Amino acid sequence: MLATTPQPSRSDSANLLHSFSHADQRVGNSLYLPEAFPYELPWAVAQYWQGRRVVDAVRAHLQAPDPGYTLAGTLPQAEVVVLVLGESSTRNAWHWFSPQAPATTPLLEARIARGEHLFGFARTLAQTTSTRQSVPSILTAQPLVWPDGTPNPQATHSIVSVATQAGYATAWFSNQAAVGKHDGIIASYAQEAAATAFLNPSGFADQGSLDEVLLPALRRHLANNARALVVLHTMGSHFNYQHRYPSGFGPYPHSSNAREAYFNSVAYTDKVLDQIIATLAGDGRRAALVYAADHGETVPGGACKADSANRNTRDAYEVPALVWLSSSYAQAHPAIAEGLRAHQDHPYTVAAVHQTLLDLMRGDTQAPVPDAATQSFARPSRHRDANGREQASAWTEKFEKAAAKNPCFMMLK
């Protein structure tokens with residue numbers, strides 16, 4: 001059973017979230033020793049444990065999710081489930097979703113052409129342009145912090161704990177940082193997994209590990225566990241774009257232009273996703289993969305003439321999302337495959353991911369959900385109000401109004 005804890009107050013939640021900023025403060029008083037040999041390693045260890053104590057304090061306040069958001073009484077049907085969290089990727093730079101873009105997604109498009117069970121959701125929206133405010137709502141219906149930044153005193157454990165309780169060997173492998181102001185909230189969920197690894201020794205600003213570093217960890221975990229759920233947190237297309245792909249890679253090899261480098265980073269995501277899918281396809285088990293970007297990024301030099309790392313245009317909210325099913329899974333659960341196929345042009349937000357994962361693990365979409373506004377890519381996106389009328393999500397309506405007013409300056413809450 002998922003342990004429950006005394007319900008925290010709103011002020012408790014706000015203080016816990018604020019404590020992530022304190023976790024970033026440098027340990028000790030020296031300005032130089034933390035970067036000087038041989039002191040840098042023990043200093044880094046001390047810095048990590050300072051941040052880790054904050055993560056553990058936040059986790060202690062998480063509650064059990066509503067039974068409707070669990071697999072209680074259900075025999076899991078998917079043997080392998082992989083969630084890939086994208087970063088700073090707008091679907092308007094994915095050729096698959098936006099044919100006027102350069103050839104950034106040839107490998108995924110080739111899989112579609114071969115008739116694989118690969119479905120893209122071309123009207124998916126991010127609910128914020130901040131990773132720490134977006135990812136929690138991807139993982140649970142009651143996140144630590146809402147997309148608008150408001151702390152949630154009703155926060156629950158995520159889909160990771162739900163999968164663990166259902167018998168999955170869970171893992172979280174990340175190419176992002178383990179602790180800190182911008183990463184600690186995400187790490188709080190990562191620590192729900194039975195196995196965790198943070199594989200990037202660097203930060204956002206530097207040339208760290210490429211996302212392919214996640215693949216060996218994924219393959220080892222699948223080889224050692226009969227039933228597994230794995231979260232892969234990528235660096236995706238986070239600025240600096242030239243640090244996100246190998247030298248000489250992409251439709252614009254060796255380019256120093258920010259616009260071309262951004263397209264190269266998307267092409268590298270295409271390659272990484274193709275390799276993950278190849279791993280799952282070769283495995284032979286009933287497998288499902290879900291990918292969604294936490295938020296987008298304005299394509300540099302595009303229609304809005306924006307510079308690098310701009311998140312104030314429609315590009316920042318229009319994100320790629322996809323689901324891939326292995327042949328064995330699709331054959332066992334054809335209704336799931338048909339539902340995904342039928343809903344590719346429906347409007348969703350990235351918050352549809354956690355219910356999609358539940359539906360994929362159950363192998364069916366008939367189980368009721370506690371909140372009628374809950375979305376899943378395997379279910380129609382519109383819900384019915386108290387009078388039985390179909391309604392799109394309030395966020396979709398808000399986005400569409402803002403985009404119609406000024407698509408080059410949007411700050412939604």
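Residue positions are given per chain, counting from 1 as you read along its sequence in written order. Confidence filtering applies because this is a predicted model: local features only for residues at pLDDT of at least 70, side-chain atom pairs given and counted only at 80 or more, and all residues used for totals across whole chains, interfaces and linings. As a convention, hydrogens and water are excluded, and side-chain values are obtained from all of the structure's heavy atoms.

Peer 1: I would appreciate a short explanation of the packing of helix H7 (residues 214-224) against helix H8 (residues 258-283) in the present structure.
Peer 2: Helix packing geometry: the angle between the two helix axes and the distance between the axes. Only the stretch in contact is used when fitting a helix axis, every axis being a line fitted to C-alpha atoms; angles between N-to-C directions are given from 0 to 180 degrees. Helical segments are the DSSP runs of H or I of at least four residues, strand segments are the runs of E of at least two, and each set is numbered from the N terminus. Orientation of H7 relative to H8, taken along the N-to-C sense of each, is 15°, at an axis distance of 11 Å. When the axis of H7 is compared with that of H8, the two are roughly parallel. As for how H7 packs across H8, the hand of that crossing is right-handed. For the pair H7 and H8, contact is made by Leu215, Leu218, Arg219 and Leu222 and by Gln275, Ile276, Thr279 and Leu280, respectively. Gly counts as polar in this scheme, as do all residues outside two lists: the nonpolar Ala, Val, Leu, Ile, Met, Phe, Trp, Tyr, Cys and Pro, and the charged Asp, Glu, Lys and Arg. Of the residues belonging to the contact of H7 with H8, the class tally is 5 nonpolar, 2 polar and 1 charged. Note on terminology: angles under 35 degrees are roughly parallel, angles over 145 are roughly antiparallel, angles of 65 to 115 are roughly perpendicular, and the others are oblique. Here a crossing is called left-handed whenever its near helix is offset anticlockwise from the far helix by less than a right angle, and right-handed whenever the offset is clockwise. Pairs of residues are marked as contacts when any of their non-hydrogen atoms sit within 4.5 Å.

Peer 1: Help me understand the packing of aromatic side chains in this model?
Peer 2: Two measures describe an aromatic ring pair: the distance that separates the ring centres and the angle between the ring planes. Aromatic contacts are taken between Phe, Tyr and Trp rings whose centres are within 6.5 Å, Trp giving its six-membered ring; a plane angle under 30 degrees counts as stacked, one over 60 as edge-to-face, and the others as tilted. This model, assessed by the stated rule, comprises 12 aromatic pairs. Taken together, a centroid distance of 4.8 Å and an interplanar angle of 15° make the contact between Trp96 and Phe97 stacked. A single burial state applies to Trp96 and to Phe97, both of which are buried. With centroids separated by 5.0 Å and ring planes inclined at 80°, the aromatic side chains of Tyr348 and Phe377 adopt a geometry described as edge-to-face. Of this pair, Tyr348 sits in strand S9 (residues 348-349) while Phe377 sits in the loop between helix H11 (352-362) and strand S10 (383-384), and the two are 29 residues apart along the sequence. Each residue gets one of three labels from its accessible area relative to the maximum for its type: buried under 20%, exposed over 50%, partly exposed in between, using a 1.4 Å probe on protein chains only. Judged by relative accessible area, Tyr348 falls into the buried class, the value being 0%.

Peer 1: Any chance you could explain the environment of Arg285 here in plain terms?
Peer 2: Structurally, Arg285 can be placed in the loop between H8 and strand S7 (287-293). Note: C-alpha distance between Arg285 and Tyr329 (44 residues apart in sequence) is 7.6 Å. The contacts of Arg285, once residues within four sequence positions are left out, are Glu79, Val80, Leu222, Asn225, Ala226, Arg227, Ser326 and Ser328. Each polar contact in these results corresponds to two N or O atoms within 3.5 Å; when the atoms are within protein, one needs to be able to donate a hydrogen and the other to accept it, and residues that are neighboring in sequence are counted only if both atoms are side-chain atoms. Among the polar contacts listed, one links the side chain of Arg285 to the backbone oxygen of Ala226, at a separation of 2.8 Å.

Peer 1: How should I be thinking about the confidence of the model for the protein chain in this particular structure?
Peer 2: Detailed conclusions should not be drawn from predicted coordinates in areas where pLDDT is low. Across the chain, each position has a pLDDT score giving the predictor's confidence in that residue, from 0 to 100. Mean pLDDT over the protein chain stands at 87; residues scoring 70 or higher make up 82%. Under a pLDDT of 50 for its full length, residues 1-11 has, in the predicted model, 25 contacts with residues more than four places off or in other chains. The low-confidence segment residues 36-41 (pLDDT under 50) makes 4 contacts with residues lying over four places distant or belonging to another chain.

Peer 1: Could you clarify how one ought to interpret the packing of helix H3 (residues 106-113) against H8 in this entry?
Peer 2: Where H3 meets H8, the axes come as close as 7 Å, and the angle between the chain directions of the two elements is 45°. As the angle between them shows, H3 and H8 are arranged oblique. Here Pro106, Leu107, Leu108 and Arg111 of H3 come into contact with H8, specifically with Asp270, Lys271, Leu273, Asp274, Ile277 and Ala278. Class assignment for the residues of the contact of H3 with H8 results in 6 nonpolar, no polar and 4 charged.

Peer 1: Looking at this model, I keep getting lost on the nonpolar core. Mind explaining?
Peer 2: Only buried Ala, Val, Leu, Ile, Met, Phe, Trp, Tyr and Cys residues count toward a nonpolar core, and they belong to the same one when joined by side-chain atoms within 4.5 Å. Within the largest apolar cluster, 93 residues are counted, with the highest numbers of intra-cluster contacts made by Val82, Trp172, Ile276, Leu289 and Leu325. With 11 residues, the top contributor of residues to this core is H8. The contact partners of Leu325, leaving out residues within four places of it in the chain, are His117, Phe119, Ala287, Ala288, Ala330, Ile336, Ala337, Leu340 and Leu360. Core analysis: the second largest hydrophobic core is formed by 9 residues, Leu125, Ala316, Ala402 and Met410 among them.

Peer 1: Is there a simple way to think about the environment of Leu229 in this case?
Peer 2: Along the chain, Leu229 turns up in strand S6 (residues 228-233). With 57 residues separating them in the primary sequence, Leu229 and Trp172 have C-alpha atoms 8.7 Å apart. Those residues in contact with Leu229, other than ones at most four positions away along the chain, are Val81, Ala163, Tyr168, Ala169, Thr170, Ala171 and Met361.

Peer 1: In this structure, what is going on with the sheet that holds strand S4 (residues 169-174)? I would like to understand it.
Peer 2: Picture the strands of a sheet paired through backbone hydrogen bonds; they go either parallel or antiparallel. For two strands to count as paired, DSSP must find a minimum of two bridges between them. Read across the sheet, 7 strands follow the order S2-S8-S7-S1-S6-S4-S5 without closing on themselves; strand pairing throughout is mixed. Looking at the sheet topology across the chains shown, the edges are occupied by strand S2 (117-120) and strand S5 (195-198). Within the sheet, the average angular offset between the axes of one strand and its neighbour, ignoring direction, is 10°. As judged from the 5 bridges shared by S7 and strand S8 (residues 321-325), these two strands associate in the antiparallel manner. The residue of S8 that forms the bridge with Leu289 is Trp324.

Peer 1: Got a minute to help me understand the pairing of S8 in this structure?
Peer 2: In summary, the side chains of a regular strand alternate between the two faces of the sheet. Among the 5 residues that make up S8, 5 are buried, leaving the element largely enclosed by the rest of the structure. Side chains Ala321, Val323 and Leu325 project from S8 onto one buried face, and the interleaved Leu322 and Trp324 project onto a second face that is buried too. Where S2 and S8 come together, 4 bridges link them in antiparallel fashion. Across the sheet, Leu118 pairs through a bridge with Trp324, a residue of S8.

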